[in-house]
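Residue-level structural notes
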Amino acid sequence: MNQDYIIPKEWSIVEEGFDRDRMESSESLFSMGNGAMGQRANFEESYSGPTFQGSYIAGLYYPDKTRVGWWKNGYPEYFAKVLNAPNWIGIDVKINGEKLDLAKCKEVRGFRRELNMKEGWHHRSFEATLQNGTEIRVEARRFLSLETDELGVIKYEVTPLNREAKIVFCPYVDAGITNEDANWDEKFWEPLETRSSGREAFVVAQTFKTHFRVATFMHNTLFLNEKELQLEPVATESAEDKVQFAYEVPVQQGETATIQKLGGYTVSFNHDKDKLVTAARQVIQKAAEKGYEALLKAQQDAWAAIWEMADITIEGDVKAQQGIRFNIFQLNQTYLGRDARLNIGPKGFTGEKYGGSTYWDTEAYCLPFYMATKNQQVARNLLSYRYNQLDKAIENAEKLGFGNGAALYPMVTMNGEECHNEWEITFEEIHRNGAIAFAIYRYYCYTGDYSYIPEKGLEVLIGIARFWAQRATYSTAKDKYVILGVTGPNEYENNVNNNWYTNYIAKWCLEYAVEQVQKVKEEYVADHSRIVAKTKLSDNETAHWKEVVGNMYFPYSEEHDVYLQQDGFLDKELVKVADLDAAQRPLNQKWSWDRILRSPYIKQADVLQGFYFFEDHFTREELERHFDFYEPFTVHESSLSPCVHSIQAALLGRMEQAYAFYLRTSRLDLDDYNREVKEGCHITSMAGTWMSIVEGFGGMRVKDSVLHFSPKIPEQWKGYSFKINFRGQVLKVDVNARGTGFALEGNESLTVVVNGKQVIVEPGNPVAVQ
């Protein structure tokens, strides 16, 4: 872990000192995004050291042909690669004839970078001595506009410190890039045209196969000591996929030359593909008229509005405070809920690993964050994303031999098709279907908006129920329904029989679907008739679902008095994690896969994931027993693991353990617990960090349409607060050692239950509960 690497600040992450070995990690941690596009924190100027160049556009992907050693019938034809998009940030800089490259400078001093989370910008500064002896100071600030999400802004300043200098700024746009992650080392972009003038340049390219078309643009303005210069390029280089200008600025010692660069993308996703340059010019014109300072002010205001609702404050623990804000910041950089066609990729805009735009992470972890910190429509958009891909989910199931409208939602997708090619994950980790159904249930419980179910959700529930009814097998030996050959949430066990979590959520899905079919039949007659006509649902079919529900098999150990993770779990050599040599960790980097599969070690919450989802199905004593049995075998090598364990430890009153898990989930990337942050940040697990505070320490639950709280506070904290948007009213919860305060922004009173006691909160009239 890099415990001393990121300097603790409440509103920023800060790195000091130039270290080549941590460059790629920093590029992940200091990444930027605005929901529509994003980029790793690559330098604007050239850098010849180790670097992972990455810019990304939401919703764009490439169907990279599947590469496997032995093809199995049913494999997806492609793996959806998150596209490394054309580069608009590049600014080569020459000082007295030498190209600036920190990897080649004689000396780099005072290197500092900051990601200001409060205002949404990245700043970098340093002093350097070039090989030609010129000493310079550089300051560069960059942000991706929330107000105009096709726009990015750079202000790049160079000051010669020991002599006069001829500074040449060479800004460029370049579509000749490749993906870090590509199966066959193919180029994903086809250049179509370039256009340029003295200040503006455009490169139009489209993706092979998927034919997404993008205009990458730039507009440049030069300054000397903050006075605008009317400069034309002394040179323009143009290739089929790149345009680069060169602007010369003679500068005296101590004077500052500045280039302000506007750049970004217009995309056929949002515009007529033949009018992308026209659309880009409109973006440039509006931004140039506003000017840099007004654009920066708009960015600050937009982030202030987000933080007003989403912020969680922590008193007395700067690392914990920095951690939660970093998580909330990255979630908002990745997805803002404005476009129902988009979803939340596991790496967001910070890297290419995993591919795809959505996993089960969205439904299992992200939905509660967006429901509570945005509004009902944002959450509904996430549900509608899956409804809109229902036909593809049915096709996915058909490819595996299922019929009658059974739906298997993909493990990884961009457009609804399965595009993940590890068999044990793609075709065995079928519990993802359950998370999608559970999200529909959770949405209704939280928002009270039942309309989604008759309008869209019931069709999804029927497709999922049909899958489970067909996937379950009747065992004559057990006289029960079993589910064979699966991978549960613990990916360190593959092709097991009767994973308890999978069986339990399958049973729940079938039961819930039956209940909702009946409710819609009684209360939404027209919708019921429409859905039955469309799906050909019959009473005989739902009767079979009930039979499976009543006869599902769950492996259980009488000796340990716990549900077994799967049939063969007790056949393993049950050596606890505490007895492992620390040098063997992380297992996924030190052990063979064969050894991992034979071990008892659990990558993330599995049985305990079920206890998290279905907490009210079990007693506190049952949770404690299962927690004590499974957590000692859990290595937490999934980013999704610590948050669930933190919530459950808090529920059990084990605050030291809850705090330790919270710190791990909130600083998973900042402290690089799994030694892989250079590949990108773990965006979807960051929503679990939010849950660790709100559901864990705050104890927030929704029961029978009423908010319940059981607040607890770690001894390391003096207090903490958060806000939630509950059914159109904003409730602020403020917890400290003396008690809990509630303040309501809304039009009606709100009844909450605190530690079993009913409390009425009136708008504008804060209430304190001891």
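Computed from a prediction, not measured in an experiment: that's the story for all the values here.

Notes on the overall build of the protein
Within the protein, the secondary structure is distributed over 20 helices and 34 strands. Against the globule reference of 27 Å for 770 residues, the protein gives a C-alpha radius of gyration of 27 Å, in line with a compact fold. Dimensions of the protein, computed from C-alpha atoms along their principal axes, come out at roughly 85 × 60 × 60 Å. Taking contacts inside the protein between residues at least 6 apart in sequence as the whole, the part at least 24 apart equals 69%.

Quick notes on the state of the cysteines
One way to say it: the disulfide is the covalent bond shared by the sulfur atoms of two cysteines. The full count for this structure, using the stated rule, is 0 disulfides. Summary of cysteine pairing: cysteine 366 is not part of a disulfide, and the nearest cysteine sulfur, belonging to cysteine 643, is at 10.0 Å. On the basis of relative accessible area, cysteine 643 is assigned to the buried category, the value being 0%.

Focus on the packing of helix 10 (residues 452-471) against helix 12 (residues 525-535)
Running from amino to carboxyl end, helix 10 crosses helix 12 at an angle of 40°, the nearest separation of the two axes being 10 Å. In the packing of helix 10 onto helix 12, the handedness of the crossing is right-handed. Each of Pro454, Glu455, Leu458, Glu459, Ile462 and Arg466 in helix 10 lies in contact with helix 12, whose residues at this interface are Asp527, Arg530, Ile531, Lys534 and Thr535.

Some words on the pairing of strand 2 (residues 12-16)
In terms of burial, strand 2 is a largely internal element, 4 of the 5 residues being buried. Hairpin connection, strand 1 (residues 7-8) to strand 2: the antiparallel pair is bridged by 3 residues. As paired elements, strand 2 and strand 10 (residues 107-116) share 5 bridges and run antiparallel to each other. Bridging from a neighbouring strand, glutamate 16 pairs with arginine 112 of strand 10.

A word on the layout of surface pockets
If you add up the space inside the largest pocket, you get close to 1,000 Å³. In terms of lining residues, the largest pocket is bounded by 42 residues, among which Glu615, Met700, Arg701, Val702 and Lys703 are the most central. Secondary structure elements with two or more residues in the lining of the largest pocket: helix 5 (361-373), helix 9 (432-447), helix 16 (607-613), helix 17 (620-630), helix 18 (641-651), helix 20 (683-697), strand 27 (701-703) and strand 28 (706-709). For the lining of the largest pocket, the element with the most residues is helix 9, which contributes 6 residues. A breakdown of the residues in the lining of the largest pocket according to their chemical character gives 22 nonpolar, 10 polar and 10 charged. Taken as a whole, the second largest pocket encloses approximately 820 Å³ of empty space. Every residue lining the second largest pocket is counted, 36 residues in all, and those nearest its centre are Lys353, Tyr354, Glu422, Glu491 and Lys603. Looking at the lining of the second largest pocket, the elements that each hand over two or more residues are strand 7 (78-82), helix 8 (423-426) and helix 14 (587-590).

Things to note about the environment of isoleucine 693
With respect to the helices and strands, isoleucine 693 occurs in helix 20. Taking the C-alpha atoms as reference points, isoleucine 693 and isoleucine 647, 46 residues apart in sequence, are found 7.9 Å from one another. Among all residues touching isoleucine 693, those that are not within four sequence positions of it are Ile312, Ile314, Ile324, Tyr662, Gly698, Trp717, Tyr720 and Phe722.

Cut-offs used in this document
- Residues numbered from 1 in each chain as written.
- Predicted model: local features only at pLDDT ≥ 70, side-chain atom pairs only at ≥ 80, totals over all residues.
- Heavy atoms only, no water.
- Helix = DSSP H or I, 4+ residues; strand = E, 2+ residues; numbered from the N terminus.
- Rg over C-alpha atoms; globule rule 2.2 N^0.38 Å.
- Contact = heavy atoms within 4.5 Å.
- Disulfide = S-S within 2.5 Å.
- Buried < 20%, exposed > 50% of the residue type's maximum accessible area, 1.4 Å probe, protein only.
- Axes fitted to C-alpha atoms, helices over the stretch in contact; angles between N-to-C directions.
- Left-handed = near helix turned anticlockwise from the far one by under 90°.
- Pairing = 2+ DSSP bridges.
- 1 Å grid on protein atoms, 1.4 Å probe; cavity = no way out; pocket = protein on both sides within 12 Å on 5 of 7 lines; lining within 4 Å.
- Points joined across faces, edges and corners; volume = space filled by probe spheres on them.
- Nonpolar A, V, L, I, M, F, W, Y, C, P; charged D, E, K, R; others polar.

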